[in-house]
Amino acid sequence: MKKLLISTTALAMVATSAGAAEMLAALGAPEGQVNIVAWPGYIERGETDAAFDWVTKFEEASGCKVNVKTANTSDEMVALMNEGGFDLVTASGDASLRLVAGGRVQPVNVDLIPSWSSVDDRLKDAPWHTVDGVHYGTPYMWGPNVLMYNTEVFKEAPTSWNVVFEEMTLPDGQSNKGRVQAYDGPIHVADAAQYLMFHKPELGITSPYELNEDQYKAALDLLRGQRELVSRYWHDAFIQMDDFKNEGVVASGSWPFQVNLLKSEGLPISSVIPEEGATGWADTTMMHVDAANPTCSYLWMEHSLASNLQSDLSVWFGAVPSVPAACTDGRGMQNQEGCDANGLADFDKIRFWTTPVSNCAQGAGACVPYYRWVSDYIGVIGGR
């Protein structure tokens, strides 16, 4: 993997050079299809549950057939966008700036997206998709990485992430060794750093994505200890759900998506944000620099901001809409109580995924950049 050293200045240069020249000025005739890389559960056409379908009517109205390639990690999304052949991607913050810096996505003309005005003001200029005032996508969904747990093992909700980071006897009298999971992605280093922020304040960590050498070493050491406990590093949401159902896994970092599906099946599953807080994701629909179907792409981005779609997706995925009206206008399944339960008020408590860079608040070159997170996390999983 090539070394990735992204600075704010470098990103600003990308924004300036890519600039308006690549920004679509007007929509043309729909091309007939749109090819999207998406997280599991993000683009539903009623195949998993007939009640959740926000694709069929769009295809009928626009004439654009929606083709979806599911990706399970941000690194997979970046790799697919680097290969090309896709129009859009629902990128999380640990992928979006890499896509901008790599010249893989193009600026988005928000004037061609009428529903842009309905987007949550906290997201419109978010730094994971806005560089030097230029927007590189439309916000889609956001939410926390939660601690999912088996309620038959934990009669009361666990209060700390220590149940997945430190060896211990769980409330059922058995060890957690071999019964917990961790996320199969380098960004999990941030979860370790978040844990250390709370339990080892002497390290001076102020952001789980901005780690100097000492702070980074402490996070890796914690992850090496966690490796002795982990039964599987998960990246496929459905395999994780199967592990909770059939393989004796009782606790793991997860997404509300898995929690909601398992609970809907009547399984003894719940989730919590423990005392240390949580990392999280704010996902953005971004457009490939060489998108073959730009008009259909813009039509989909506009459709993705419809409050009824945002409302139903919020219920389905357990996430928070990027369009606040989706919580209250009654056009979809979601309501204010549901949005509150999904974390609407927790925006300022979540440390959203972003791409670690060497030039950080601690100084130029002071922090460990993402390419090292990648190689070192592979080493941790491999027992090094």
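Each chain has its residues counted from 1, running along the sequence as written. Totals for whole chains, interfaces and linings use every residue, but because this is a predicted model, local features are given only for residues with pLDDT of at least 70 and side-chain atom pairs only at 80 or more, for both listing and counting. Note that the side-chain values use all heavy atoms of the structure and ignore hydrogens as well as water.

Draft legend 1. Just the overall build of the chain, in detail. Counting from the N terminus, the helices are the DSSP runs of H or I reaching at least four residues and the strands are the DSSP runs of E reaching at least two. Across its full length, the chain holds 14 helices and 14 strands. Between the two quantities, the radius of gyration covers C-alpha atoms and the globule rule is 2.2 Å times the number of residues to the power 0.38. A compact globule built from 384 residues should have a C-alpha radius of gyration of about 21 Å, and the chain, at 20 Å, falls within 12% of that. By principal-axis analysis of the C-alpha atoms, the chain measures approximately 65 × 50 × 35 Å. Throughout, exposure labels follow a simple rule: accessible area from a 1.4 Å probe, protein chains only, divided by the maximum for the residue type, with under 20% read as buried, over 50% as exposed, and the rest as partly exposed. The buried share among the 384 residues of the chain stands at 57%. Positive charge is attributed to Lys and Arg, negative charge to Asp and Glu, and no charge count is given to His or to the chain ends. A charge is said to be at NZ when it belongs to Lys, at CZ for Arg, at CG for Asp and at CD for Glu. Between the mean site of the 25 positive side-chain charges and the mean site of the 48 negative ones, the chain shows a separation of 5 Å.

Draft legend 2. The arrangement of the state of the cysteines in detail. We call a pair of cysteine sulfur atoms a disulfide when they lie within 2.5 Å. Within the structure shown, the criterion is met by three disulfides. Residue Cys327 pairs covalently with Cys339 via a disulfide, S to S 2.0 Å. On the sign convention where negative means left-handed, the S-S torsion of about -90° between Cys327 and Cys339 marks this disulfide as left-handed. One end of the pair, Cys327, is in the loop between strand S13 (320–321) and helix H13 (336–341); the other, Cys339, is in helix H13, and 12 residues separate them in sequence. The pair Cys327 / Cys339 is uniform in exposure class, with both members buried. In this model, Cys360 is linked to Cys367 through a disulfide, with the two sulfur atoms separated by 2.0 Å. An S-S torsion of about 70° defines the bridge between Cys360 and Cys367 as right-handed. For Cys360, a relative accessible area of 14% translates into the label buried.

Draft legend 3. The packing of aromatic side chains, seen in detail. Paired rings are identified among Phe, Tyr and Trp, the last through its six-membered ring, by centres lying within 6.5 Å, and are further divided according to the angle between planes into stacked (under 30 degrees), edge-to-face (over 60) and tilted (the rest). This model, assessed by the stated rule, comprises 22 aromatic pairs. Every member of this aromatic cluster is reached through a ring pair, and the members are Tyr42, Phe52, Tyr140, Phe238, Phe257, Trp281, Trp316 and Phe317. Criterion for a charge above a ring: Arg CZ or Lys NZ at most 6 Å from the ring centre, at most 35 degrees from the ring normal. The ring of Phe347 has Arg122 sitting right over it, with the charged end atom 4.5 Å from the ring centre.

Draft legend 4. Geometry of helix H8 (residues 213–227). The span you would expect from a helix comes to 1.5 Å times its residue count less one. With 15 residues, H8 extends 21 Å between its outermost C-alpha atoms, agreeing within 8% with the 21 Å of an ideal straight helix rising 1.5 Å per residue. Of the positions making up H8, those classed as buried are Gln215, Tyr216, Ala218, Ala219, Leu220, Leu222, Leu223 and Gln226. Whether two residues touch is decided by their heavy atoms; if any such pair falls within 4.5 Å, the residues are in contact. On the buried face of H8, the contacting elements are helix H6 (162–165), strand S8 (180–183), helix H7 (188–199), strand S9 (230–234) and helix H14 (370–381).

Draft legend 5. Quick look at H14. Helix length check: H14 (12 residues) gives 17 Å between terminal C-alpha atoms against 16 Å at 1.5 Å per residue, within 8%. Taken residue by residue, H14 has Tyr370, Trp373, Val374, Tyr377, Gly379 and Val380 as its buried positions. Elements that come into contact with the buried residues of H14 comprise helix H3 (74–83), helix H4 (93–101), S8, H7, H8 and S9. Downstream of H14 by a residue or two, Gly383 has a phi angle that is positive, lying close to 90°.

Draft legend 6. Structural view of the environment of Val380. Take Val380: it is sitting in helix H14. Placed 155 residues apart in sequence, Val380 and Gly225 show a C-alpha to C-alpha distance of 9.3 Å. Excluding residues that lie within four positions of it along the chain, Val380 makes contacts with Leu220, Leu223, Arg224, Arg227 and Tyr233.

Draft legend 7. Expanded view of the confidence of the model for the chain. Mean pLDDT for the chain: 92, with 95% of residues reaching 70 or above. You can read pLDDT as the predictor saying how much it trusts each residue, on a scale of 0 to 100. Low pLDDT (under 50) marks residues 1–21, which in the prediction has 36 contacts with non-local residues, meaning those over four places away or in another chain.

Draft legend 8. View of the pattern of salt bridges. One speaks of a salt bridge when a side-chain nitrogen belonging to Lys or Arg is within 4 Å of a carboxyl oxygen belonging to Asp or Glu. Enumeration according to the criterion identifies 12 salt bridges in this entry. One continuous salt-bridge network, built from bridges that share partners, spans Lys217, Asp221 and Arg224.

Draft legend 9. Region of interest: the sheet that holds S9. A strand pair is defined by DSSP finding two or more bridges across the two strands. Spatially, S9-S8-S10-S7-S11 is the arrangement adopted by the five strands of the open sheet, whose pairing is mixed. Pairing within the sheet leaves two strands with one partner each, and these edge strands are S9 and strand S11 (269–272). Pairs of neighbouring strands in the sheet enclose a mean axial angle of 30°, with direction left out of account. In terms of strand pairing, strand S7 (residues 146–150) meets S11 through four bridges, oriented antiparallel. Orientation is described by axes fitted as lines to C-alpha atoms, over the contacting stretch for helices, and by angles from 0 to 180 degrees between their N-to-C directions.

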